[in-house]
Amino acid sequence: MILDARPFPLDFDPATTALIVIDMQRDFIEPGGFGASLGNDVTLLQAIVPTVADLIAGCRAAGIAVIHTRECHRPDLADCPPAKRLRGSPSLRIGDPGPMGRVLIMGEPGAEIVPELAPAPGEIVIDKPGKGAFYATDLGAHLARMGTRTLIFAGVTTEVCVQTTMREANDRGFDCLLATDATESYFPAFKAAAIEMIRAQGAIVGWTARTGQILRVLETADA
Ligand code: C5J
């Protein structure tokens, strides 16, 4: 099917497409988590939750696999480089106890995906220690097993974990599409710049489209 994306139409087959929802977890989206500890306004990220929910629902209805990621570390921090933990002067560091349990640690409340976007039974959830979802995870193996060729991206933050994962995927040969209103940054200018970078130079990293456009093309194909 053909999506009227930017910078030019994207031809994709839902049967070989997956939606990757990046890091829609409480530590980035709710007050008291990792994002807030870095001094960020989390309300910007909260605002996209309904749009991401619509995209997930539309993809599920079209038979597109939905994969969720969470940035988090082992409780013993063996997978957290000291350079990551010690950088800057956040009010809470990775592994410190906070209002939602230990910050960015697997199994803690803060690492959980917000309830509105909870994974459905059987959906893949990737716990990732880095910004990119391919680094030190099984994501590539899952996509190879599923025969995936196209990836739709949503989630946070646009210029950090979303863009990093799109670049990793692009280098691995996937066609990548970013749903521009289903992603957000703490810095609106960085979001806008990331979107431009992704689709510049003839879709050098990938395509962009709004969630409504993606859902309409999926619904048309269903009808
Ligand atoms: C950040 C992310 N921003 N999920 N993580 O540290 O983008």
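Refer to the preceding data block for the structure.
Residues numbered from 1 in each chain as written. Predicted model: local features only at pLDDT ≥ 70, side-chain atom pairs only at ≥ 80, totals over all residues. Heavy atoms only, no water.

1. Focus: the pattern of salt bridges
Going by this rule: Whenever Lys or Arg places a side-chain nitrogen within 4 Å of a carboxyl oxygen from Asp or Glu, that contact is recorded as a salt bridge. Numbered from the N terminus, helices here are DSSP runs of H or I no shorter than four residues, and strands are runs of E no shorter than two.
Applying the stated rule across the entire model yields twelve salt bridges. Residue Arg 26 pairs with Glu 30 through a salt bridge whose shortest N-O separation is 2.8 Å. Among the ionic pairs, Asp 181 bridges to Arg 210, the shortest N-O distance being 3.5 Å. Of this pair, Asp 181 sits in strand S9 (residues 175-184) while Arg 210 sits in the loop between strand S10 (207-209) and helix H9 (211-222), placing them 29 residues apart in sequence. What emerges from the salt-bridge pattern is a single network uniting Arg 70, Glu 112 and Asp 127.

2. Focus: the sheet that holds S9
Heads up, the rule is: Two strands make a pair as long as DSSP finds a minimum of two bridges between them. Here an axis means a line fitted to C-alpha atoms, over the contact stretch when the element is a helix, while the angle between two N-to-C directions is reported on a 0 to 180 degree scale. Any pair of residues with heavy atoms lying within 4.5 Å of one another is described as a contacting pair.
The sheet built from six strands is open, its strands ordered S7-S4-S3-S8-S9-S10 with parallel pairing. Bordering the open sheet on either side are strand S7 (124-128) and S10, each of which pairs with just one other strand. Neighbour-to-neighbour, the strand axes of this sheet turn through a mean angle of 25°, independent of strand direction. The sheet strands contacting helix H6 (residues 139-146) are strand S3 (17-22), strand S4 (65-71), S7 and strand S8 (150-156), and the helix crosses S7 at an angle near 155°. Along the sheet, helix H8 (residues 188-203) contacts S9 and S10; its crossing angle with S9, the most-contacted strand, is approximately 160°.

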